[in-house]
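# Descriptive analysis of the structure
So the chains spell out like this:
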Amino acid sequence: MVKKIILPGLIILITFFGLFYGLSQIDWVTEFNVKQIRSSSENKIGELIWDEISSTEQVNTNDSISKTLDKLLEPICKNNNIERDSLKIHIVEKDDINAFALPNNHLVVYTGLITECKNQEALQGVLGHEIAHITNNHVMKKLSKEIGLSVMLSASTGGKGSAVVKEILKSLSSSAYDRTLEKEADMTSVDYLLNANINPEPFADFMFELSQQNDSSDSLYWISSHPESEERAKYILDYLKDKKYKKQNTISKTDWANYKKLIKEKTN
């Protein structure tokens, strides 16, 4: 009986001291400093990339266009505990069908993507997907793997600046995340929409429709950088089969049609 009591006690003590010793070997000051350096570098890299974009592309600053996009984002952020002000949304006047996330919470949306979407829910699904890349830290995971943390740190501190920034921008705007991260972003976006009572089906339909297009102009960046789109559309629809959810428009269908018309008028 005594042995039965003593043995578990010894195991607990050994485990406790082993854990205490292991934690004591970690240089917490260094770990904290490394995280600070990475966070600071991510912020700097994000600003450098955005500076590159804003100096070479036509950024849309029309108040009506940006406010309507904010309306479409509002229920996603509000119902998923995402701080809207933490996201830096930029609308670029370009016919390419594209949107992509940058370090430091930048999200770039091309006007070509907005006008290509048949309905607001499809656009909200794409926005949710890119926000998921930000909230799940996919952006820096991708860059660390493809570009290398040391190279990015060098760029953020002034070494090899412009060339690396252009390489990072190319990686984020026109090449795919790995399939695991893409699926995580897809499903996170679907959950974002469900929580906001937004129908995710048009998001899946949008991916499928674009994947079927034969476009020789290479303007379908969002699909070309998101391979297996037909398969991804299918697993989203499969996920929704047993779900019961409301389908609420964030803005009226008339306002959505007028929004697309306004973008075409202001960008042509």
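Structure's up top.
Small disclaimer: the values here were computed from a predicted structure and weren't measured.

Rules used throughout
- Residues numbered from 1 in each chain as written.
- Predicted model: local features only at pLDDT ≥ 70, side-chain atom pairs only at ≥ 80, totals over all residues.
- Heavy atoms only, no water.
- Helix = DSSP H or I, 4+ residues; strand = E, 2+ residues; numbered from the N terminus.
- Buried < 20%, exposed > 50% of the residue type's maximum accessible area, 1.4 Å probe, protein only.
- Contact = heavy atoms within 4.5 Å.
- Areas by Shrake-Rupley, 256 points an atom, 1.4 Å probe, with all protein chains shown as cover.
- Core = buried A, V, L, I, M, F, W, Y, C linked by side-chain atoms within 4.5 Å.
- Pairing = 2+ DSSP bridges.
- Axes fitted to C-alpha atoms, helices over the stretch in contact; angles between N-to-C directions.
- Phe/Tyr/Trp six-rings, centres within 6.5 Å; stacked < 30°, edge-to-face > 60°.
- Lys NZ or Arg CZ within 6 Å of the ring centre and 35° of its normal.
- Expected span 1.5 Å × (residues − 1).
- Salt bridge = Lys/Arg side-chain N within 4 Å of Asp/Glu carboxyl O.

### Side note on the overall build of the protein chain
Each helix and strand counted, the protein chain has 13 helices and four strands in total. For the protein chain, the residues scored as buried account for 43% of the 268 residues in total. Summarising the internal contacts of the protein chain: among those between residues at least 6 apart in sequence, 74% fall at separations of at least 24. Carbon and sulfur atoms provide 52% of the accessible area of the protein chain, an area that totals close to 14,700 Å².

### Remarks on the nonpolar core
Counting 67 residues, the largest nonpolar core has I49, I53, L113, L123, I236 and Y259 as the members making the most contacts within it. Discounting residues that sit within four places of it in the chain, Y259 has contacts with S64, I65, T68, L69, L72, I91 and I114.

### Comments concerning the sheet that holds strand β4 (residues 106-110)
One open sheet holds the four strands; their spatial order is β1-β2-β4-β3, and the pairing between them is mixed. With one partner strand each, in any of the chains shown, β1 (59-60) and β3 (99-102) form the two edges of the open sheet. One ladder, built from five bridges, connects strand β2 (residues 88-92) with β4; its direction is parallel. Bridging from a neighbouring strand, I91 pairs with V109 of β4. Lying on the sheet, helix α3 (residues 63-78) is in contact with β1 and β2; it crosses β2 at an angle near 130°.

### Some remarks on the packing of aromatic side chains
Taken as a whole, this structure holds two aromatic pairs when the rule is applied. Taken together, a centroid distance of 5.9 Å and an interplanar angle of 85° make the contact between F100 and Y110 edge-to-face. Note that F100 is positioned in strand β3 and Y110 in strand β4, a separation of 10 residues in sequence. Here F100 and Y110 have matching classes, each one buried. On the numbers, 6.2 Å between centres and 50° between planes, the contact of W256 with Y259 is tilted. A residue pair is termed a helical-turn pair when its members lie 3 or 4 positions apart in one helix, as W256 and Y259 do in helix α13 (residues 253-267) at three residues. Comparing W256 with Y259 shows no difference in burial state: the two are buried. Sitting over the ring of Y177, K142 keeps its end group 5.0 Å from the ring centre. Note that K183 overlies the ring of Y235, its terminal NZ or CZ placed 4.7 Å from the centroid.

### Examining unusual backbone geometry
With a phi angle near 65°, N105 is a residue other than glycine that sits in the positive phi range. With respect to the helices and strands, the residue N105 is situated in the loop between β3 and β4. Looking at N105, the relative accessible area reads 24%, which means it is partly exposed. At N197, a residue that is not glycine, the phi angle is positive and equals roughly 60°. Here N197 shows up in the loop between α9 (179-195) and α10 (201-211).

### Description of helix α5 (residues 120-135)
Three or four residues apart is the spacing at which side chains of an α-helix point the same way, because the helix has 3.6 residues per turn. Here α5 spans 22 Å end to end across 16 residues, near enough to the 22 Å set by a 1.5 Å rise per residue. Remark: N137 follows α5 within two positions and exhibits a positive phi of approximately 60°.

### So, the pattern of salt bridges
Any two side chains of opposite charge can pair, on the condition that their charged atoms come close. Under the criterion given, the structure shown has 10 salt bridges. Here R232 ties to E182 by a salt bridge, and the two come within 3.9 Å at their closest N and O atoms. A residue pair is termed long-range when its members are at least 10 positions apart, and R232 in helix α12 (residues 229-240) and E182 in helix α9 qualify at 50 residues. In terms of burial, R232 and E182 fall into one category: buried. A salt bridge links D238 to K241, with the shortest nitrogen-to-oxygen separation between them at 3.3 Å. We classify K241 as exposed; its relative accessible area is 63%. Overlapping salt bridges bring together E182, D186 and R232 as one network.

### Details of the environment of K234
Tracing the chain through its elements places K234 in helix α12. In this structure K234 comes out as exposed when scored by relative accessible area, which is 51%. Expressed as a C-alpha distance, the spacing of K234 and M207, which sit 27 residues apart in the sequence, is 9.7 Å.

### A closer look at the environment of E74
Along the polypeptide, E74 turns up in helix α3. A relative accessible area of 47% means that E74 is categorised as partly exposed. Note: C-alpha distance between E74 and A196 (122 residues apart in sequence) is 9.3 Å.

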